[in-house]
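Descriptive analysis of the structure
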Amino acid sequence: GNYFMLMVVMTAYALTVHQAPAAVAAFCASAFIVGTLFSRFAAAPMMERFGRLPLLIVGCIAEVALSALYLLNEPVGALIGVRLAHGFSYGVCSTTIATVITSVVPPERKGEGIGYFMLSITLGSAIGPFAGIFLANNFGYPVVFVVASVLVALSIPAALLLRPASSTKVKGSEAAAEAEVEAAADAVAGAVAEAPDEEAREDAAANRDEALAASTRVPSTHLEEKVAAKVEHSPLARFVEAGVLPISVVCGLLFFGYSSLLTFLTPYATEIGLARAASVFFVVYALAMFVTRPFTGRAFDRVGPHPVMVPAFVSFALGMVVLAFAANDWMILGAAALLGFGVGTVQSCGLAMAVRVTSDARLSVANATFYMLLDVGVGVGPILLGIVAPLIGYANLYLCMAVVGALALALFLVVAKTEKGAR
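Residues numbered from 1 in each chain as written. Predicted model: local features only at pLDDT ≥ 70, side-chain atom pairs only at ≥ 80, totals over all residues. Heavy atoms only, no water.

Attention now moves to the overall build of the protein. A count of helical and extended segments in the protein gives 17 helices and zero strands. Across the 423 residues of the protein, 50% fall into the buried class. Considering only contacts within the protein whose residues lie at least 6 apart along the sequence, 83% involve residues at least 24 apart. Here the protein has roughly 18300 Å² of accessible surface; of this, 71% comes from carbon and sulfur atoms. (Helix = DSSP H or I, 4+ residues; strand = E, 2+ residues; numbered from the N terminus. Buried < 20%, exposed > 50% of the residue type's maximum accessible area, 1.4 Å probe, protein only. Contact = heavy atoms within 4.5 Å. Areas by Shrake-Rupley, 256 points an atom, 1.4 Å probe, with all protein chains shown as cover.)

Below, the structure written as structure tokens:
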């Protein structure tokens, strides 16, 4: 809620209060995304060093302090600095909580469990923008910043109430995981000490291999195996979970298309005389997510990704087409429902695909990799589309976003073509 509330008012705040140029005012909003993107590289090593739960609590405290700093009415340069730091702390918190949640959800219920978790984000995406605009228009920006600070402060006791798996309470370094593997192998070897030497060595080696396999990500597709083989021994391996990259790129491409909604929906709706429907677009969008996510999550667990995610990609593309040809309020709201189902399902099921075969020791890196690509899609989208939109018009832009959805579907079919064990 804090993120969405501040994102929708920050550009207007910089324009009206600081009289910043339009480009600078826009960067006051997007600087948050830049900070979040940097946090994705740092979050996994920080979790390994300090532990997941302690890092989450510290990150929540930092978010409270940074949200309160907006009340100081600092100069534009300082405001951008606060936005960068706020984005960084938000990125650390969001990656950490996603890691904690995905670590406690059983593998056979990843789709359903992550779907429920994503409902909280859906709620924030529905209430946050509405609350931010309402408070700013009726009570002023200081009230927005106070409410945003109070909202994020509530996350601290919520974090303290978490009861994560024991492995999430301690440092999750790969070195520690390897030490556990060695200890397990030694224990197995000791347990068969009375057996013939050759048999004992074979049993110990077999159990060592099983333990090592359990501590690494098992690629679910042949494409993942190829990508993992190239990145595994590079310096990127510390910050990127290679096997997660294919599905993360697919979801990032879809979120590139989604960024067009955040950036151009309001001016487009105003241009075609449907601003009233656009004011509740994201409410309908969030309701569609809220209604469909539990069902799509359970279906993902039962039948695998294809029967669930292919309709979601189609729904996204169809929603963009309906939006491009919108001639009345009902078409705008229908597009919102189609897009809510499409984006919500791809995001939650994509994350489930990314983490369901990832070891606990690498969950933090897997989550960071996934969200990193989503951040790139949302962050790059407004820049590139801002160049294209004046040249082709908003309606044609949304038709192009339908093509982006079709490309994402095609890429998904390539990524998941050789899915091994869809369930």
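Another point: the environment of valine 144. Here valine 144 shows up in helix α6 (residues 141-153). Along the primary structure valine 144 and leucine 71 are separated by 73 residues, whereas in three dimensions their C-alpha atoms are 9.5 Å apart. Apart from the residues lying within four places of it in its own chain, the contact partners of valine 144 are Met5, Leu6, Val9, Gly132, Leu135 and Ala136.

Membership of the largest hydrophobic core comes to 64 residues, with the highest contact counts inside it found for Phe281, Phe313, Leu323 and Tyr398. The greatest single-element share of this core, amounting to 12 residues, is contributed by helix α15 (residues 329-355). Membership of the second largest hydrophobic core comes to 23 residues, among which are Leu6, Val9, Phe145 and Ala148. (Core = buried A, V, L, I, M, F, W, Y, C linked by side-chain atoms within 4.5 Å.)

Below, the discussion takes up the environment of alanine 402. Summarising the element assignment, alanine 402 is placed in helix α17 (residues 394-415). Each C-alpha atom of the pair alanine 402 and alanine 317 lies 4.1 Å from the other, and the pair is 85 residues apart in sequence. Aside from chain neighbours lying at most four places away, what touches alanine 402 is Ala317, Met320 and Val321.

Another aspect to go through is the side chain of arginine 40. Relative to the assigned elements, arginine 40 resides in helix α2 (residues 22-50). Among the polar contacts made by the side chain of arginine 40, one reaches the main-chain carbonyl oxygen of glycine 91 at a distance of 3.1 Å. Reaching out from arginine 40, the side chain makes a polar contact with the side chain of threonine 95 at a distance of 2.5 Å. With near-sequence residues (within four places) excluded, arginine 40 lies in contact with Gly91, Ser94, Thr95, Ala368, Tyr371, Met372 and Asp375. (Polar contact = N/O pair within 3.5 Å; in protein donor to acceptor, adjacent residues only side chain to side chain.)

One non-glycine residue, glutamine 19, lies in the positive phi region at around 50 degrees. Structurally, glutamine 19 is set in the loop between α1 (2-17) and α2.

Here we take up the confidence of the model for the protein. For the protein, mean pLDDT is 78; residues scoring 70 or higher make up 78% of the total. Within the protein, the lowest mean pLDDT, 40, falls on helix α8 (residues 174-191), and the highest, 94, falls on helix α14 (residues 306-324). Scored below 50 in pLDDT, residues 167-218 shows 48 contacts in the model against residues more than four places distant or in partner chains. (pLDDT = per-residue confidence, 0-100.)

Scanning the entire structure with this criterion turns up 17 aromatic pairs. Between tyrosine 258 and tyrosine 285, the aromatic rings sit 5.9 Å apart at their centres with planes inclined by 20 degrees, giving stacked as the arrangement. Residue tyrosine 258 is located in helix α11 (residues 245-271), and its partner tyrosine 285 is located in helix α13 (residues 281-303); the two are separated by 27 residues in the primary sequence. Comparing tyrosine 258 with tyrosine 285, the two get one shared label, buried. For the pair phenylalanine 264 and tyrosine 394, a centre-to-centre distance of 5.8 Å together with 40 degrees between the ring planes defines the contact as tilted. Placement of the pair is phenylalanine 264 in helix α11 and tyrosine 394 in helix α17, with a sequence separation of 130 residues. (Phe/Tyr/Trp six-rings, centres within 6.5 Å; stacked < 30°, edge-to-face > 60°.)

Packing of α11 against α13 leaves a shortest axis separation of 12 Å and a crossing angle of 155 degrees. Taken as axis vectors, α11 and α13 run roughly antiparallel relative to one another. Along the contact surface, α11 presents Tyr258, Leu261, Leu262 and Leu265, while α13 presents Phe281, Phe282 and Tyr285. Here the contact of α11 with α13 is composed, by residue class, of seven nonpolar, no polar and no charged. (Axes fitted to C-alpha atoms, helices over the stretch in contact; angles between N-to-C directions. Parallel < 35°, antiparallel > 145°, perpendicular 65-115°, else oblique. Nonpolar A, V, L, I, M, F, W, Y, C, P; charged D, E, K, R; others polar.)

Under the 1.5 Å per step criterion, the end-to-end length of helix α3 (residues 52-69) is 26 Å for 18 residues, consistent within 8% with the ideal 26 Å. Of the residues making up α3, those classed as buried are Arg52, Leu53, Leu55, Leu56, Ile57, Gly59, Cys60, Glu63, Leu66 and Ser67. (Expected span 1.5 Å × (residues − 1).)

This part covers the state of the cysteines. Taken as a whole and judged by the stated rule, the model has zero disulfides. We note that cysteine 349 lacks a disulfide partner, and the nearest cysteine sulfur, in cysteine 251, lies 9.2 Å from it. (Disulfide = S-S within 2.5 Å.)

With that out of the way, let us pick up a nonpolar patch on the surface. On the surface, Leu71, Val146, Val150, Leu151 and Leu154 cluster together to form a nonpolar patch covering roughly 420 Å² of accessible area. Within the secondary structure, leucine 151 sits in helix α6. Judged by its relative accessible area of 39%, leucine 151 is partly exposed. (Patch = residues over 30% accessible without salt bridge, like charges linked within 9 Å, V, L, I, M, F, W, Y side chains within 5 Å. Salt bridge = Lys/Arg side-chain N within 4 Å of Asp/Glu carboxyl O.)

Let's shift gears to the pattern of salt bridges. Scanning the entire structure with this criterion turns up two salt bridges. Residue arginine 40 pairs with aspartate 375 through a salt bridge whose shortest N-O separation is 2.7 Å. Of the two residues, arginine 40 sits in helix α2 while aspartate 375 sits in helix α16 (residues 363-392), which places them 335 residues apart along the sequence. Aspartate 329 is the salt-bridge partner of arginine 276, the closest N and O atoms lying 2.5 Å from each other. With arginine 276 in helix α12 (residues 275-279) and aspartate 329 in helix α15, the pair connects residues that are 53 residues apart, well separated along the chain.

Viewed as axis vectors pointing N to C, α3 and helix α4 (residues 76-104) meet at an angle of 150 degrees, and their least axial separation amounts to 9 Å. With respect to α4, the axis of α3 lies roughly antiparallel. For the pair α3 and α4, the sense of crossing is left-handed. Contact residues: α3 offers Arg52, Leu55, Leu56, Gly59, Cys60, Ala62, Glu63, Leu66, Ser67 and Leu69, while α4 offers Val82, Ala85, His86, Ser89, Tyr90, Val92, Cys93, Thr96, Ile97, Thr99, Val100 and Ser103. Looking at the contact of α3 with α4 residue by residue, the class counts come to 13 nonpolar, seven polar and two charged. (Left-handed = near helix turned anticlockwise from the far one by under 90°.)

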